[in-house]
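# Remarks on the overall topology
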Amino acid sequence: MATADVTQAGALSFEFDLAAATVRELNERLHRVDPERPGGRVLVRNPGGKHAIAVGLDAPYEVEIAGHVGYYCAGMNKLASVRVGGNCGVGVAENMMSGAVVVEGSASQSAGASGRGGLLVIHGDASARCGISLKGLDVVVRGSVGHLSAFMAQRGCLVVCGDAGEALGDSLYEARIYVRGSVAGLGADCVEKEVRGEHLAEVSELLARAGIDDVDPGEFRRYGSARRLYNFHVENLGSY
Amino acid sequence: MHGGVDRSARPPEMAAPGPTNGWNPGLRESATFDRNAIAEIQRAAREGMYDIRGFGAKRRVPHFDDLLFLGASVSRYPLEGYRERCDTDVVIGTRFAREPVHLDIPITIAGMSFGALSAQAKEALGRGATEVGTSTTTGDGGMTPEEREHSRILVYQLLPSRYGMNPDDLRRADAIEVVVGQGAKPGGGGMLLGHKISDRVAEMRDLPVGIDQRSACRHPDWTGPDDLEIKIEELREITDWRVPIYVKVGATRTYFDVALAVKAGADAIVLDGMQGGTAATQEVFIEHVGIPILAAIPQAVESLVDLGMHREVQLIVSGGIRSGADVAKALALGADAVSIGVAALIALGDNAPEHDPGYREIGSAAGYYDDYQAGLDPAGISTQDPALAARLDPVEGGRRLANYLRTLTLETQTLARACGKSHVHNLEPEDLVALTIEAAAMARVPLAGTSWIPGTITTP
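Each value, and the rule that gives it
Residues numbered from 1 in each chain as written. Chains lettered and ligands numbered in written order. Predicted model: local features only at pLDDT ≥ 70, side-chain atom pairs only at ≥ 80, totals over all residues. Heavy atoms only, no water. Helix = DSSP H or I, 4+ residues; strand = E, 2+ residues; numbered from the N terminus. Rg over C-alpha atoms; globule rule 2.2 N^0.38 Å. Buried < 20%, exposed > 50% of the residue type's maximum accessible area, 1.4 Å probe, protein only. Contact = heavy atoms within 4.5 Å. Lys, Arg positive; Asp, Glu negative; His and termini not counted. Charge placed at Lys NZ, Arg CZ, Asp CG, Glu CD. Phe/Tyr/Trp six-rings, centres within 6.5 Å; stacked < 30°, edge-to-face > 60°. Pairing = 2+ DSSP bridges. Axes fitted to C-alpha atoms, helices over the stretch in contact; angles between N-to-C directions. Polar contact = N/O pair within 3.5 Å; in protein donor to acceptor, adjacent residues only side chain to side chain. Core = buried A, V, L, I, M, F, W, Y, C linked by side-chain atoms within 4.5 Å. Salt bridge = Lys/Arg side-chain N within 4 Å of Asp/Glu carboxyl O. Disulfide = S-S within 2.5 Å.

### Some remarks on the overall build of chain B
Across its full length, chain B carries 15 helices and 16 strands. Computed over its C-alpha atoms, the radius of gyration of chain B comes to 22 Å, within 12% of the 23 Å expected for a compact globule of 460 residues. Summarising its shape, the C-alpha atoms of chain B cover approximately 60 × 55 × 45 Å along the three principal directions. The proportion of buried residues among the 460 residues of chain B is 59%. Once local pairs closer than 6 in sequence are excluded, the contacts in chain B between residues at least 24 apart make up 67%. Counting 45 positive and 62 negative side-chain charges, chain B places the centres of these two groups 2 Å from one another.

### Focus: the packing of aromatic side chains
Residue and element names in this part refer to chain B. Under the defined criterion, the tally for this structure stands at 8 aromatic pairs over all chains. When the ring of Phe-55 is compared with that of Tyr-372, the centres are 6.3 Å apart and the planes differ by 50°; the resulting orientation is tilted. Taken as a pair, Phe-55 in strand β1 (residues 52–55) and Tyr-372 in the loop between α12 (356–361) and α13 (386–389) lie far apart in primary sequence, 317 residues in all. Look at Tyr-372 and you get buried, because its relative accessible area is 3%. Measuring from centroid to centroid gives 5.4 Å for Tyr-255 and Phe-256, while their planes differ by 85°, and the two rings are edge-to-face. Every member of this aromatic cluster is reached through a ring pair, and the members are Phe-55, Tyr-359, Tyr-369 and Tyr-372.

### Remarks on the sheet that holds strand β12 (residues 268–272) of chain B
Residue and element names in this part refer to chain B. Spatial ordering of the open sheet is given by β5-β15-β14-β12-β11-β8-β7-β6, a layout of 8 strands whose pairing is parallel. Strand pairing shows two members of the sheet lacking a second neighbour, β5 (107–109) and β6 (135–137), which therefore form its edges. Pairwise comparison of adjacent strand axes, ignoring direction, gives a mean angle of 30° for this sheet. Each of β11 (245–250) and β12 is contacted by helix α7 (residues 254–263), which is oriented at about 155° to β12, the strand it contacts most.

### Focus on the environment of Tyr-163 of chain B
Inspection of the secondary structure puts Tyr-163 of chain B in the loop between β7 (153–158) and α4 (167–172). You can call Tyr-163 of chain B buried: its relative accessible area is 5%. C-alpha of Tyr-163 of chain B to C-alpha of Gly-139 of chain B: the two residues are 24 residues apart in sequence and 9.3 Å apart in space. Sequence-distant contacts of Tyr-163 of chain B, defined by excluding residues within four places in its chain, comprise Lys-135 and Gln-154 of chain A together with Asp-140, Gly-141, Gly-142, Met-204, Arg-205, Leu-207, Gln-213 and Ser-215 of chain B.

### Quick notes on the side chain of Asn-27 of chain A
As for its position among the elements, Asn-27 of chain A is in helix α1 (residues 23–31). On the accessibility criterion, Asn-27 of chain A (0% relative accessible area) is buried. Here Ala-52 of chain A takes part through its backbone oxygen, which lies 2.9 Å from a polar atom of the side chain of Asn-27 of chain A. A polar side-chain atom of Asn-27 of chain A sits 3.0 Å from the main-chain amide nitrogen of Ala-54 of chain A. Once you skip the residues sitting within four places of it in the chain, Asn-27 of chain A turns out to touch Ala-52, Ile-53, Ala-54 and Val-55 of chain A together with Glu-237 of chain B.

### Re the nonpolar core
By size, the foremost hydrophobic cluster in this structure holds 98 residues, and its most contacted members are Leu-67, Leu-315 and Ile-340 of chain B. Take this core: its biggest share by element is 7 residues, from helix α9 (residues 293–306) of chain B. In contact with Leu-67 of chain B, other than residues within four places in its own chain, are Leu-294, Lys-329, Leu-333, Leu-432, Val-433, Ala-434, Ala-439, Ala-443 and Val-445 of chain B. The next biggest cluster of nonpolar side chains, apart from the first, holds 51 residues, and it includes Ala-74, Ala-111, Ile-122 and Val-141 of chain A.

### Focus on the pattern of salt bridges
Residue and element names in this part refer to chain B. This structure, assessed with the given rule, holds 57 salt bridges over all chains. Here Glu-99 makes a salt bridge to Arg-242, at a shortest N to O gap of 3.1 Å. Of this pair, Glu-99 sits in the loop between β3 (90–92) and β4 (101–103) while Arg-242 sits in the loop between α6 (224–238) and β11, and the two are 143 residues apart along the sequence. Of the charged contacts in the structure, one is a salt bridge between Glu-131 and Arg-406, with a shortest N-O distance of 2.8 Å. Linking Glu-131 in helix α2 (residues 119–131) with Arg-406 in helix α14 (residues 394–418), this pair joins segments that are 275 residues apart in sequence. Three or more residues are tied together by salt bridges with common partners; here these are Arg-53, Lys-58, Arg-59, Glu-283, Glu-287 and Asp-370.

### Observations regarding the state of the cysteines
Summed over all chains, the structure comprises 0 disulfides over all chains. Here Cys-130 of chain A is not cross-linked by a disulfide; its sulfur's nearest cysteine counterpart is in Cys-88 of chain A, at 11 Å. Cysteine Cys-86 of chain B is unpaired, with the sulfur of Cys-419 of chain B as its nearest cysteine sulfur at 9.8 Å. The class of Cys-86 of chain B is buried, set by a relative accessible area of 4%.

### Some words on the pairing of strand β3 (residues 61–66) of chain A
Residue and element names in this part refer to chain A. By the alternation rule, side chains of β3 split into Tyr-61, Val-63 and Ile-65, which are all buried, and Glu-62, Glu-64 and Ala-66, of which none is buried. As paired elements, strand β2 (residues 40–45) and β3 share 6 bridges and run parallel to each other. In the strand pairing of β3, Val-44 is matched with Ile-65. Sheet topology note: the β3/strand β4 (residues 81–84) ladder contains 4 bridges and is parallel. By the bridge assignment for β4, Val-63 is matched with Val-82.

### Section: the environment of Val-183 of chain A
Residues and elements named next belong to chain A. With respect to the helices, strands and loops of the structure, Val-183 is situated in the loop between β9 (176–179) and β10 (190–193). Owing to a relative accessible area of 23%, Val-183 belongs among the partly exposed residues under this scheme. C-alpha of Val-183 to C-alpha of Val-103: the two residues are 80 residues apart in sequence and 23 Å apart in space.

### Points about the pairing of strand β14 (residues 314–318) of chain B
Residues and elements named next belong to chain B. Counting buried residues in β14 gives 5 out of 5 residues, a clear majority hidden from the surface. Residues of β14 alternate between two faces, with Gln-314, Ile-316 and Ser-318 on one and Leu-315 and Val-317 on the opposite face, all of them buried. Both β12 and β14 contribute to a ladder of 5 bridges, which runs parallel. Across the sheet, residue Asp-272 finds its bridge partner in β14, namely Ser-318.

This is how it looks when you write it as structure tokens:
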């Protein structure tokens with residue numbers, strides 16, 4: 001199981017300075033995996049808000065990015081653990097498959113979009129559409145999320161320790177949403193549901209994997225699909 | 001849709017009461033409230049829901065039929081059939097990709113999903129395309145191992161829904177197609193009704209079995225051309241700049257869409273006219289949104305020429321391609337290749353007379369069948385029912401598709417040679433005239449026998 005604990009132990013495999021080299025060179029180097037010794041610890045300096053840093057990884061790397069990143073950082077990640085020391089642009093960890101991505105700062109829109117597995121932790125806030133189109137990824141946000149978060153989310157969990165914006169979980173499928181603070185509004189077909197034992201256990205486990213130990217799992221409310229829009233019905237006309 | 005199978009109100013036999021069947025000159029059908037309009041009002045009143053169907057636009061629109069080739073004569077000479085070469089190869093992705101796609105013929109298979117189509121149909125498309133050296137395309141539902149195995153050149157679509165999107169498949173693909181829209185429904189998302197969401201389809205799409213799937217119409221992680229540019233950069237980084245990246249748009253504001261896609265870094269533009277097919281869309285969408293491919297190609301070419309990118313960024317057009325004449329006319333207007341969807345399904349056996357009893361059982365008839373959404377296809381193509389799907393032999397289907405693609409290619413070469421061209425890409429607008437004022441204006445070629453091209457060619 002993926003955890004957000006990006007180990008600091010072990011020597012660096014290599015260090016990359018994006019002030020001196022290009023993102024292309026970095027990704028090319030990360031894609032060149034030694035089948036005998038896949039992965040390794042990697043430090044990326046001076047990310048400078050550049051786009052598509054550490055995308056398409058397919059090995060158990062531990063990548064530490066010292067600063068802010070642009071769009072799609074760690075996009076389609078498999079197996080690797082990526083820690084961003086600053087803030088993220090749009091679509092961090094979009095469509096990630098496995099592994100863990102941790103953002104120390106805040107994330108822009110569409111964090112974890114269509115993610116299919118692994119764990120995404122955002123220690124700051126996430127903007128609109130956090131967890132949009134989710135397909136199995138678990139997202140834990142220490143702060144708050146913007147409007148239309150978990151829009152059309154199909155599988156996986158979104159845990160929000162702060163507040164959620166308008167239209168939370170609009171057109172939701174089977175993904176589960178947990179919010180500790182206020183919800184500005186629920187989207188079409190999203191309803192509050194009872195928190196039972198298995199849900200409390202799920203939140204506790206996700207918070208533990210995210211390394212968040214000062215938040216009481218008992219304070220979360222659960223939201224999910226009312227499943228009223230699963231099939232076309234005349235009486236749902238107003239919702240289409 | 002739920003009532004979609006009941007087509008008793010739309011009989012295939014449309015003959016008016018005639019001399020042999022009790023013709024009464026006092027009966028006059030309304031041009032406005034014709035039988036289709038009346039049947040649709042009655043259906044809507046009964047069901048309270050829009051009609052969802054497959055296929056493409058059925059209304060008559062200006063099309064390639066409205067153009068003619070001039071051929072060679074005294075002022076230019078033709079090429080000999082069989083003895084003088086007329087090449088048909090196309091290279092797509094010359095702008096940025098390290099490994100561009102090389103096609104032997106300028107006809108590709110359009111994106112159609114496993115889910116909309118049976119696994120047998122997808123396999124047959126792969127077999128047929130591979131036999132003649134062209135590409136197939138995945139659809140809104142991910143890549144199946146079968147279609148990868150049977151398609152030598154496979155284009156992987158990145159769609160708003162992102163169903164089944166997987167970096168391993170991305171790396172396995174020979175090209176990537178970012179789908180912004182399709183001709184049947186520019187501005188609309190995918191649809192797959194519950195009876196086609198089988199266990200396997202549900203698993204691939206991360207959906208509950210049996211729901212009526214309504215996909216997103218916008219991508220989840222980008223909006224607008226500036227984001228698209230960064231999205232394309234990310235896809236190139238993931239695939240190490242190896243494969244071409246296409247951008248597919250439905251034909252609407254084509255001049256600008258093409259310019260923005262080129263600016264965003266596309267290797268190729270896939271342009272789908274309003275006649276392009278769909279597996280399931282509201283009829284009102286199919287028939288009333290988007291423009292005919294005839295009107296869109298000249299806009300796309302103008303846009304590419306204005307940017308100095310014609311032939312550098314390749315243009316693949318689709319929407320109503322049926323014959324080699326259609327292919328040749330599309331190429332003459334400036335396209336690099338065409339795509340076929342509905343025509344490929346027909347080649348596999350869709351709407352075939354031998355299935356007529358089966359079509360009649362479900363209220364349709366051979367030649368009229370468009371209920372691809374219903375999953376009851378007696379030809380075994382647009383279905384997830386194992387018994388129905390087993391009716392399509394992928395080897396035999398592939399052979400028929402290969403025959404059809406060869407025929408299209410031979411027809412295209414016949415017309416190109418008649419115009420004196422040693423490569424089908426040497427066909428040009430100057431080889432064409434129009435039969436109607438509308439087609440002349442849209443295609444920007446003169447009305448036959450005149451030098452008149454209605455409308456001034458201005459950039460909107």
